[in-house]
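# Remarks on the overall topology
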Amino acid sequence: MTQRAQIDTGGGGTGDHPGTLAESEPPVVHRPAGLTTAEVAERVARGEVNDVPVRSSRSTTDIVRANVFTRFNAIIGVLWVIMLIVAPIQDSLFGFVIVANTGIGIIQELRAKKTLDGLAVIGEAKPTVRRDGRATGVSTSEIVLGDLIELGPGDKVVVDGVVAEADSMEIDESLLTGEADPVVKRPGDPVMSGSFVVAGGGAFTATKVGREAYAAQLAEEASRFTLVHSELRSGISTILKYVTWMMVPTAIGLIISQLVVKDNDLKNSIARTVGGIVPMIPEGLVLLTSVAFAIGVIRLGRKQCLVQELPAIEGLARVDVVCLDKTGTLTEGGMDVTEVRLLNGSDEGYVRKVLGALGESDPRPNASLQAIIDAYPETEEWRCTESLPFSSARKYSGAAFSEGDGEDSTWLLGAPDVLLPAGDPALAEIDRLNEQGLRVLLLARTVHELDSPDVAKDARATALVVLEQRLRPDAGDTLAYFADQNVAAKVISGDNAVSVGAVAGKLGLPGAATTVDARTLPADREEMARVLDENAVFGRVTPQQKRDMVAALQSHGHTVAMTGDGVNDVLALKDADIGVSMGSGSEATRAVAQIVLLNNSFATLPSVVAEGRRVIGNITRVATLFLTKTVYSVLLAILVVVSQIEYPFLPRHLTLLSTLTIGVPAFFLALAPNKERAKPHFVRRVMRYAIPGGVVAAAATFTTYLLARHHYSGADALGAETSAATLTLFLVSMWVLAIIARPYTVWRLALVAAMGGAFLLVLVVPWLQDFFALKLVGTTMPWAAVVIAAAGAAVLEVAWRWVDRRFPA
């Protein structure tokens with residue numbers, strides 16, 4: 001076994017807090033071989049396996065149940081059965097429409113499920129277990145009781161266990177206990193599932209698996225496709241609640257009015273009663289929302305973007321600030337050593353040996369150390385005796401060596417501005433390098449022990465290691481997209497602020513010329529928020545500061561998205577409105593993030609933002625159509641009850657109107673491009689249009705109906721009155737659609753024209769006239785209906801413009 005297998009300097013770069021020391025002796029340390037294949041098979045046979053069903057999406061049964069067994073489907077189902085008994089088939093068309101819509105909803109969600117399940121398998125972490133003396137990656141569900149599971153920086157503890165090996169291992173249990181400080185773990189200490197390693201490494205023996213594990217439920221929920229809280233869904237639920245309250249008494253009044261007060265034919269009265277109740281139900285709104293979300297998930301899935309929580313699409317659409325980590329987001333993971341600048345008369349050959357030994361001492365090097373390893377080979381005669389893991393809070397790592405010639409030395413490698421005192425001459429040179437976008441590490445020799453709190457004090461600067469980071473080719477275009485969409489990008493990095501600013505400047509980030517060292521940030525949240533609003537690039541940010549910065553931005557009303565890939569980003573990802581993790585990031589970040597970019601491409605984010613805006617903006621738009629219908633249906637029913645007259649419409653009439661002015665247009669409008677950033681107060685924004693629209697439509701329609709009742713007489717008068725009222729309602733509803741479809745494009749104009757042409761076809765084709773019981777009689781009332789509808793359209797324009805001024809969104 002090599003020294004690298006025994007010693008861990010914690011160079012993973014993902015720890016939050018300083019750790020303790022690990023000591024290694026020169027002899028080869030015995031490593032437990034883990035379970036044998038036979039022992040694993042025996043445990044599987046006994047059922048001692050980690051069989052928690054981690055699902056990436058709802059089950060097929062849940063999807064069918066959610067789409068079929070709804071309150072409104074139950075109401076419409078009962079009414080449909082009644083209509084099938086008492087009326088011609090054309091008065092039962094609304095039932096077939098609901099069946100078709102529900103089927104579409106189920107199919108789309110099943111497609112989304114298939115997409116998500118496939119992506120989840122791709123993105124699933126494979127814990128490393130030791131079996132038969134060999135380390136191998138297995139699925140989480142294949143772990144058995146007694147397995148020896150290896151851990152490194154960023155790995156999540158997937159089952160409960162007891163530490164068997166520990167090499168400076170620090171575990172963050174904040175997701176379970178709320179305590180942010182990592183806990184040092186030694187052999188014999190317990191570990192809980194749901195926690196994760198922030199520094200060092202080791203192995204533990206599984207003592208509880210499956211549902212017995214402490215955080216089994218947490219692990220399941222963290223990776224499940226969930227329909228959790230969102231403003232859009234809660235807003236629609238609120239609207240449906242009020243609609244139910246209005247619908248029940250209105251429907252009862254209508255039933256009494258049509259069946260008791262008016263001495264009409266029973267079947268006709270029932271048909272007209274149902275015709276009044278059915279349009280009150282905005283059943284398509286919920287369905288269309290599910291379909292729009294499902295299609296969004298499918299579209300993003302094609303771009304290798306795993307949406308772990310459905311409302312994340314909505315949340316990212318509302319984002320106005322996106323916080324980006326430089327490493328892994330703006331730059332690629334790899335680095336190259338461009339030069340080593342010697343300080344204080346150091347010998348180049350000796351410095352090479354030190355760097356080679358430091359690289360050899362770390363079993364899990366980060367990108368910076370990996371570049372050093374690639375540039376400088378290991379030093380065989382040097383032996384590491386102690387190690388100090390890297391941590392994001394400390395900004396350096398260290399190791400003590402026996403050099404093979406009897407000499408001992410202790411070295412630190414990390415941030416120059418942390419290891420050197422202020423005013424040190426070397427800092428000026430470092431600033432010049434940072435201004436070029438280069439990353440600089442300081443190699444320093446210390447006279448203190450690694451476990452000393454003053455280990456960095458009086459450290460002697462030996463060399464500067466200059467690293468060049470590889471910029472992501474698509475990062476500049478992505479930042480330009482956010483700027484164009486009025487989304488403020490904040491680069492928050494643990495690296496030197498000047499270096500971060502130089503990288504951001506190369507990519508064209510607005511405000512990159514002015515950088516802020518996070519060590520100078522005020523502790524007061526309000527003051528911090530002010531500095532964050534005024535600047536775009538922040539360096540030397542600690543993990544806790546990342547969390548504080550997210551909270552400060554949120555306190556100023558911002559909706560914040562946070563991207564990250566290391567465990568030092570977990571706390572901020574968890575607190576941000578939307579957490580976005582890279583697929584190659586640590587398992588801990590993927591567990592808390594709502595969105596995982598499996599292709600590790602920052603350039604995918606604009607697609608996610610655009611998809612969210614398309615879904616939310618369009619649902620808000622088409623919700624007005626559905627709720628305008630609900631409002632005018634309730635008002636018409638009330639007016640009929642008060643006036644003690646026949647309800648003007650049969651179900652077939654309103655099925656026709658709903659299909660042409662709401663159903664078909666809403667489907668296309670809901671899937672159209674939409675770049676407008678989602679705004680809050682969904683219910684208020686929808687109802688401020690739906691209420692005046694419904695009132696105007698109901699008033700215009702009822703006016704036409706009353707005029708027609710005085711104009712027509714005879715046995716067929718009711719049919720003529722209904723046709724005139726239907727014409728007015730259609731024209732006003734078409735005007736509502738025409739307003740909702742703005743701003744016009746060729747396809748939107750074609751859509752509105754096609755709906756108008758379809759209604760005209762019904763009016764002129766004899767068999768369609770008979771099928772829908774629509775026939776305009778004479779010329780006076782039809783033209784009167786058109787004039788009243790035109791007046792209604794004019795009132796609608798004035799009313800909506802007044803609403804825009806009086807109740808701005």
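The structure under discussion appears in the preceding block.
Scope of this entry: the structure provided in the associated data block.

Definitions and limits used
Residues numbered from 1 in each chain as written. Predicted model: local features only at pLDDT ≥ 70, side-chain atom pairs only at ≥ 80, totals over all residues. Heavy atoms only, no water. Helix = DSSP H or I, 4+ residues; strand = E, 2+ residues; numbered from the N terminus. Buried < 20%, exposed > 50% of the residue type's maximum accessible area, 1.4 Å probe, protein only. Contact = heavy atoms within 4.5 Å. Areas by Shrake-Rupley, 256 points an atom, 1.4 Å probe, with all protein chains shown as cover. Pairing = 2+ DSSP bridges. Salt bridge = Lys/Arg side-chain N within 4 Å of Asp/Glu carboxyl O. Expected span 1.5 Å × (residues − 1). Phe/Tyr/Trp six-rings, centres within 6.5 Å; stacked < 30°, edge-to-face > 60°. Lys NZ or Arg CZ within 6 Å of the ring centre and 35° of its normal. Patch = residues over 30% accessible without salt bridge, like charges linked within 9 Å, V, L, I, M, F, W, Y side chains within 5 Å. Axes fitted to C-alpha atoms, helices over the stretch in contact; angles between N-to-C directions. Core = buried A, V, L, I, M, F, W, Y, C linked by side-chain atoms within 4.5 Å. Parallel < 35°, antiparallel > 145°, perpendicular 65-115°, else oblique. Left-handed = near helix turned anticlockwise from the far one by under 90°. Nonpolar A, V, L, I, M, F, W, Y, C, P; charged D, E, K, R; others polar.

### Some thoughts on the overall build of the chain
- Scanning the chain for helices and strands turns up 28 helices and 22 strands.
- The buried share among the 809 residues of the chain stands at 57%.
- Sequence separation of at least 24 residues holds for 74% of the intrachain contacts in the chain that already meet a minimum separation of 6.
- Here the chain displays about 31,800 Å² of accessible surface, and carbon together with sulfur accounts for 58% of that area.

### Considerations on the pairing of strand E14 (residues 408-414)
- Across the seven residues that make up E14, a large majority, six, are buried.
- Sheet topology note: the strand E13 (residues 396-402)/E14 ladder contains seven bridges and is antiparallel. Looking at the pairing, Ala400 lines up with Thr410 of E14.
- Two elements, E14 and strand E15 (residues 439-445), share four bridges in a ladder whose sense is antiparallel. Across the sheet, the residue bridging to Leu413 is Leu443, located in E15.

### Quick word on the pattern of salt bridges
- Evaluation of the coordinates by the stated rule reveals 24 salt bridges.
- Note that Arg318 and Glu314 form a salt bridge whose closest N and O atoms lie 2.8 Å from each other. The two residues Arg318 and Glu314 agree in class, both being buried.
- One network of salt bridges, in which partners are shared, links Asp417, Asp517, Arg519 and Arg540.

### A word on helix H10 (residues 283-302)
- In a regular helix each residue adds 1.5 Å, so 20 residues correspond to 28 Å; H10 covers 30 Å between its end C-alpha atoms and thus fits that length.
- Along H10, 17 of the 20 residues are buried, which leaves the element largely enclosed by surrounding structure.
- At the C-terminal side of H10, Gln304 shows a positive phi close to 60°.

### Brief notes about the packing of aromatic side chains
- Under the criterion given, the structure shown has twelve aromatic pairs.
- Summarising the aromatic geometry, the rings of Phe667 and Phe668 are spaced 5.8 Å apart at their centres and angled 85° between planes, so their arrangement reads as edge-to-face.
- On the basis of relative accessibility, which here comes to 32%, the residue Phe667 falls in the partly exposed class.
- Each residue in the set Tyr350, Trp382, Phe401 and Trp411 is aromatic and connected to the rest through ring pairs, giving one cluster.
- Taking the ring centre of Tyr242 as reference, the NZ or CZ of Lys241 above it sits at 5.6 Å.

### Brief notes about the pairing of strand E20 (residues 560-564)
- Counting buried positions along E20 gives five out of five residues, so the element sits mostly inside the fold.
- Alternating positions in E20 separate into two faces, Val560, Met562 and Gly564 on one and Ala561 and Thr563 on the other, with burial throughout.
- Direction of pairing for strand E10 (residues 321-324) relative to E20: parallel, over a ladder of three bridges. By the bridge assignment, Val321 is partnered in E20 with Val560.
- By the bridge criterion, four bridges tie E20 to strand E21 (residues 578-582) in an arrangement that is parallel. Considered in E21, the bridge of Met562 is made with Gly579.

### Looking at a nonpolar patch on the surface
- On the surface, a cluster of nonpolar side chains totalling about 620 Å² of accessible area is made up of Val248, Ile252, Ile255, Ile256, Leu259, Val260 and Leu266.
- A total of six residues in the nonpolar patch trace back to one element, the largest contributor, which is helix H8 (residues 231-261).
- Mapped onto the elements, Leu259 comes out in helix H8.

### Brief notes about the sheet that holds strand E17 (residues 488-492)
- In spatial order, the strands read E9-E22-E21-E20-E10-E17-E19-E18; together these eight strands make up an open sheet with mixed pairing. The open sheet is flanked by strand E9 (305-307) and strand E18 (515-517), the only strands paired with a single partner. The mean inter-strand angle of the sheet, taken between neighbouring strand axes irrespective of direction, is 20°.

### Brief notes about the environment of Phe96
- Note on placement: Phe96 falls in helix H5 (residues 93-123).
- Measuring from C-alpha to C-alpha, the distance between Phe96 and Trp80 comes to 8.9 Å, with 16 residues separating the pair along the chain.

### As for the nonpolar core
- In this structure, Leu316, Leu509, Ile595, Phe602 and Phe759 are the most contacted members of the largest nonpolar core, which totals 131 residues.
- Looking at which element gives the most residues to this core, the answer is helix H22 (residues 605-643), with 16 residues.
- Once residues lying within four places of it in the same chain are set aside, the contact partners of Phe602 are Leu324, Thr329, Leu330, Arg472, Ala475, Thr478, Leu479, Phe482, Met582 and Leu597.
- Counting residues in each nonpolar core, the second largest holds 25 residues, with Cys323, Ala518, Val560 and Val592 among its members.

### Quick look at the environment of Thr70
- With respect to the helices, strands and loops of the structure, Thr70 is situated in the loop between helix H3 (60-68) and helix H4 (71-86).
- Accessibility expressed as a relative area gives 28% for Thr70, which makes it partly exposed.
- C-alpha of Thr70 to C-alpha of Val286: the two residues are 216 residues apart in sequence and 9.9 Å apart in space.

### A short note on the packing of helix H24 (residues 682-711) against helix H25 (residues 717-740)
- Look at H24 against H25: their axes get within 8 Å of each other, and the N-to-C directions meet at 155°. Judged by the inter-axis angle, H24 sits roughly antiparallel to H25. Regarding H24 and H25, the two cross each other, and that crossing is right-handed. The residues of H25 that touch H24, namely those facing Ala697, Ala700, Thr701, Thr704, Tyr705, Ala708 and Arg709, are Leu718, Glu721, Ala724, Ala725, Thr728, Leu729 and Val732.
- Considering only residue class, the contact of H24 with H25 consists of nine nonpolar, three polar and two charged.

### Brief notes about unusual backbone geometry
- Note that the residue after Arg742, namely Pro743, is joined by a cis bond; omega there is -5°.
- Its location among the elements puts Pro743 in the loop between H25 and helix H26 (746-764).
- Of note in the backbone geometry, Gln304 takes a positive phi value of approximately 60° without being a glycine.
- Topologically, Gln304 is positioned in the loop between H10 and E9.
- You will see that Asp458, though not glycine, has its phi angle at about 60°, which is positive.
- With respect to the helices and strands, the residue Asp458 is situated in the loop between E15 and strand E16 (460-471).
- Residue class for Asp458 comes out exposed when judged on its relative accessible area of 60%.

### Overview of the environment of Ala251
- Tracing the backbone shows Ala251 in helix H8.
- Taking the C-alpha atoms as reference points, Ala251 and Met280, 29 residues apart in sequence, are found 9.0 Å from one another.
- Among all residues touching Ala251, those that are not within four sequence positions of it are Ile277 and Met280.

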